[in-house]
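Given next are the chains, with one letter for each unit.
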Amino acid sequence: MVPGNSAADQVTEAAVRAEQIRTLYRQSAWVFLVNPINAAILSLVLWGAASHPMLLWSTGAMGAITAARLLLRWRYLRVAPPVERARIWGRRFVAGTTLIGLTWGLIAALLCNHHNPAVQLFVIFLVGGMVAGASGTLAFYVPAFLGFASAALLPIVTRLALEDDSLRMSMAALTLLYGATLILVAFNTQRSLTESIRLRFVNEQLLQRLSGAQILLEEANRTLEDRVAERGAALERQGRALHDAQRMESVGLLAGGVAHDFNNLLTVIMANVDLLGVDRSLGPSAKVAVSEIQEVASSAAALVSQLLAVGRRQMLVPKLLDLNLVVGGMRALLGRLIGDQVDMTMTFCPKRLLVEADLRQIERVIINLTTNARDAMPNGGRLTIETHDEDPGPGDQGSKRPGIRSGPYAVLTVRDSGVGMNNETKRQAFDPFFTTKAVGKGTGLGLATVYGIVDQSGGHIVVESQPGQGSRFSIYLPRSSDDTARDTNESTWSETAAVTPPADRPATILVAEDHASLRGSLVRVLSDLGHELLVAADGAQALEMSRRHAGAIDLVITDVVMANMGGPELVGHLGRERPLLRVLFTSGYSGDEVLPATDKLHGIDFLRKPFTPQELTEKVTGLLAVVRTPP
């Protein structure tokens, strides 16, 4: 955005400048204390090689100026001056940085002893480092950096230039070039930061206008009949829902944009770390380092998965599940999670509750809700987990559950006797990064992840809570009938008894992966298993290799998203040319790609990125043990 000459633009520019100056003053006190600390270090290092009074003066002067700057900072934070006085406080800050820079410049010029090159280099190095550091801390407001850098470098450049020595003349020129480069860096950094701040103010102004319009609309609604007021309130709710949907769409786009490549990188890291883990030549310390890398990679993978769930970009692999069996199977795990202080009770619906959902994601929903309930009961309490069926159809006063379509649902309810939530907390409960827990006790992604998974699964969440009376989270998932269950279990491919590939030859596997490092990791793992490989960098190349290969191909492993023909399109072509081919899809991001339901087709499976060599081996072994025959 290029600022114009309008009054609004001028106000925005003034606000941006004020925010830049406010950022300078809000820096940690340690940023200011670096100068006297480095001056003291300089005095200690040069105590035996320079004049003691000069060193004491330099340290004392640096300390006095720093004290004055800290006092100025304290006054600014106490006064919190308005925008129109920002220039005055900016000039004061620039005067302080210029004075501290000049002190460094004088110290450097006085201590720059040409008879002692070591001292001279040390002084130049120290001052140059201070200027480089200032290019980061003062980049929000370039005049402050210019004052510091010019005052710090010009004295020493002058001193070096006055020496009748070509070497020192060259050093002076290099110092000038160094300073000019840092100034250019500071200008570029300020430009980026300024644009970010300006965009924030513009967005705030737009939001203020929208809020003003909303207030006017609410005032007009108050004069209308009750029926019109109810419609206006409904419209307002839809507006908030649209705003939330757009915000979540932005989160999803951000998460999805990085997840695919990031999960590729994590897969490479995890594959190579697993290979290192079995290397007997590694020493104890190296094994510890490998273990730490594994833990961090797993944590990073979990974080990416959470972000994808929050943004509703998870690659779901839905299968027919009995909600009763899923919850009952987690009893021991949940008992360990909540500890001995919480009394847990499970109550199940007497009939099967069949839902079509991703097992791993439903388990994550249950775990997140359970741990959230545990944290709401720091002194212990009661946790109740229930399942039942419900049809929230129209009642006497309208829908029994506003916002939930009529129809059969399997309902999972998690109820605690904890601290409860007020209306404001309930309103923000599913916002990403919102948390009421202490710093370090929660990421604010738990309930946001639950919301994203349930929404992406076609379900709904209902929250009921009052302060001091605990909370109740009800998850509504569309039910599948028994007839649907039988249809789902009917395969479009017949499967004979499981057998392994023929013993007289290894399996031939076609690998299509556009990420070079990951492609190399796949090749290493599969080659170590003794398989013969056809390796392609994209779907089009894989299709060409398949057509040139005269022999059988037992399995194709393909990334879902590739620049030149993705996995589903590749498998579509190969399925017509090699109908008995087994398929393993891999992906770290769902996006808009569509996969066949892997529980409906034998010989087709899906593997989420990032994955370990062991997980890859298990999938490959399982697929190679399946014999496919055309219907």
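Bear in mind that the values here come from a model prediction, so they are computed numbers and not experimental data.

**Overview of the overall build of the protein**
So, point 1. When helices and strands are tallied, the protein shows 19 helices and 16 strands.
So, point 2. The buried share of the protein, reckoned over its 631 residues, is 43%.

**Some details on the sheet that holds strand 7 (residues 409-416)**
Neighbouring strands of a sheet are bound in pairs by backbone hydrogen bonds; such pairs are parallel or else antiparallel.
So, point 1. Reading across the sheet, the five strands line up as 2-4-7-9-8 and stay open at both edges, with mixed pairing between neighbours. Unpaired on one side and paired on the other, strand 2 (342-347) and strand 8 (460-465) mark the two borders of the sheet. The average undirected angle you get between the axes of adjacent strands in this sheet is 15°.
So, point 2. The sheet contact formed by strand 4 (residues 381-390) and strand 7 spans eight bridges and is antiparallel. Across the sheet, the residue bridging to Ile385 is Val414, located in strand 7.
So, point 3. Helix 11 (residues 331-338) contacts strand 2 and strand 4 of the sheet and is inclined by roughly 155° relative to strand 2.
So, point 4. Contacts between helix 12 (residues 359-375) and the sheet are confined to strand 4, strand 7 and strand 9 (471-478), with strand 9 contributing the most and set at about 170° to the helix.

**Notes on the nonpolar core**
So, point 1. Grouped together as the largest cluster of nonpolar side chains are 47 residues, with contacts concentrated most on Trp104, Val123 and Val131.
So, point 2. Of all elements in the fold, only helix 1 (7-25), helix 2 (29-45), helix 3 (52-79), helix 4 (86-111), helix 5 (117-137), helix 6 (142-162) and helix 7 (166-222) reach the threshold of two or more residues within this core.
So, point 3. Contact partners of Val131, with chain neighbours within four places excluded, come to Phe145, Phe148, Ala149, Ala152, Leu153 and Leu182.
So, point 4. Leu323, Ala357, Val414 and Leu477 belong to the second-largest nonpolar core, a separate cluster that totals 35 residues.

**Focus on helix 3**
So, point 1. Taking 1.5 Å of rise per residue, 28 residues should cover 40 Å, and helix 3 covers 41 Å from first to last C-alpha, within 8% of that figure.
So, point 2. Taken together, the buried positions of helix 3 are Leu55, Ser58, Ala61, Met62, Ile65, Thr66, Arg69, Leu72, Arg73 and Tyr76.
So, point 3. Immediately downstream of helix 3, the backbone of Ala80 shows phi near 50°, a positive value.

**Some remarks on the pairing of strand 7**
So, point 1. Within strand 7, seven of the eight residues are buried, leaving the element largely enclosed by the surrounding structure.
So, point 2. Bridge count between strand 7 and strand 9: eight bridges; the pairing is antiparallel. Considered in strand 9, the bridge of Leu412 is made with Ile475.

**Focus on the confidence of the model for the protein**
So, point 1. Chain-level statistics for the protein give a pLDDT mean of 77 and a share of 76% at 70 or above.
So, point 2. The secondary-structure element of the protein with the lowest mean pLDDT is strand 10 (residues 494-495), recorded at 36, while strand 11 (residues 508-512) shows the highest, at 93.
So, point 3. Considering only residues more than four positions removed or in separate chains, one finds that residues 395-399, a stretch of pLDDT under 50, has six contacts.
So, point 4. Low confidence marks residues 483-504, where pLDDT is under 50. Its contacts with residues over four positions away, or in another chain, come to 32 contacts.

**Notes on the pattern of salt bridges**
So, point 1. Applying the stated criterion across every chain, the model contains 13 salt bridges.
So, point 2. Among the ionic pairs, Arg472 bridges to Glu464, the shortest N-O distance being 3.4 Å.
So, point 3. A relative accessible area of 35% means that Glu464 is categorised as partly exposed.
So, point 4. Each of the salt bridges in this network shares a partner with another, and the network as a whole consists of Lys351, Asp389 and Arg479.

**Remarks on the packing of helix 16 (residues 516-528) against helix 19 (residues 613-624)**
So, point 1. Direction vectors running N to C along helix 16 and helix 19 enclose 60°, while the axes themselves pass 11 Å from each other. Here helix 16 is positioned oblique relative to helix 19, judged by the angle of their axes. By crossing handedness, the relation of helix 16 to helix 19 is classed as right-handed. Taking contact as the criterion, the partners of Leu522, Val525 and Leu526 in helix 16 are, on helix 19, Pro613, Leu616, Thr617 and Val620.
So, point 2. In terms of residue class, the contact of helix 16 with helix 19 is made up of six nonpolar, one polar and no charged.

**Here's the deal with a positive patch on the surface**
So, point 1. A surface patch of positive charge is lined by Arg75, Arg85, Arg87, Arg91 and Arg92.
So, point 2. Within the secondary structure, Arg87 is located in helix 4.

**Quick look at a nonpolar patch on the surface**
So, point 1. A surface patch of nonpolar side chains, amounting to about 450 Å² of accessible area, comprises Trp57, Leu99, Leu102, Leu106 and Leu110.
So, point 2. With four residues, the top contributor of residues to the nonpolar patch is helix 4.
So, point 3. Tracing the backbone shows Leu102 in helix 4.

**Observations regarding the packing of aromatic side chains**
Here a ring pair, both rings aromatic, is described through the centre-centre distance and the interplanar angle of the planes.
So, point 1. Evaluated as defined, the whole model comprises six aromatic pairs.
So, point 2. Ring centres of Tyr25 and Phe93 lie 5.1 Å apart, and the angle between their planes is 75°; on these two criteria the pair is classed as edge-to-face. Note that Tyr25 is positioned in helix 1 and Phe93 in helix 4, a separation of 68 residues in sequence. Neither Tyr25 nor Phe93 differs from the other in exposure class; each is buried.

**Regarding the packing of helix 2 against helix 4**
So, point 1. Their axes nearest at 12 Å, the elements helix 2 and helix 4 cross at an angle of 10°. Classified by the angle between their axes, helix 2 and helix 4 sit roughly parallel to one another. On the side of helix 2, the interface is formed by Phe32, Asn35, Asn38, Ala39 and Leu42, while helix 4 contributes Phe93, Ile100, Trp104, Ile107 and Leu111.
So, point 2. Considered class by class, the residues forming the contact of helix 2 with helix 4 number eight nonpolar, two polar and no charged.

Definitions and limits used
- Residues numbered from 1 in each chain as written.
- Predicted model: local features only at pLDDT ≥ 70, side-chain atom pairs only at ≥ 80, totals over all residues.
- Heavy atoms only, no water.
- Helix = DSSP H or I, 4+ residues; strand = E, 2+ residues; numbered from the N terminus.
- Buried < 20%, exposed > 50% of the residue type's maximum accessible area, 1.4 Å probe, protein only.
- Pairing = 2+ DSSP bridges.
- Axes fitted to C-alpha atoms, helices over the stretch in contact; angles between N-to-C directions.
- Contact = heavy atoms within 4.5 Å.
- Core = buried A, V, L, I, M, F, W, Y, C linked by side-chain atoms within 4.5 Å.
- Expected span 1.5 Å × (residues − 1).
- pLDDT = per-residue confidence, 0-100.
- Salt bridge = Lys/Arg side-chain N within 4 Å of Asp/Glu carboxyl O.
- Parallel < 35°, antiparallel > 145°, perpendicular 65-115°, else oblique.
- Left-handed = near helix turned anticlockwise from the far one by under 90°.
- Nonpolar A, V, L, I, M, F, W, Y, C, P; charged D, E, K, R; others polar.
- Patch = residues over 30% accessible without salt bridge, like charges linked within 9 Å, V, L, I, M, F, W, Y side chains within 5 Å.
- Areas by Shrake-Rupley, 256 points an atom, 1.4 Å probe, with all protein chains shown as cover.
- Lys, Arg positive; Asp, Glu negative; His and termini not counted.
- Charge placed at Lys NZ, Arg CZ, Asp CG, Glu CD.
- Phe/Tyr/Trp six-rings, centres within 6.5 Å; stacked < 30°, edge-to-face > 60°.

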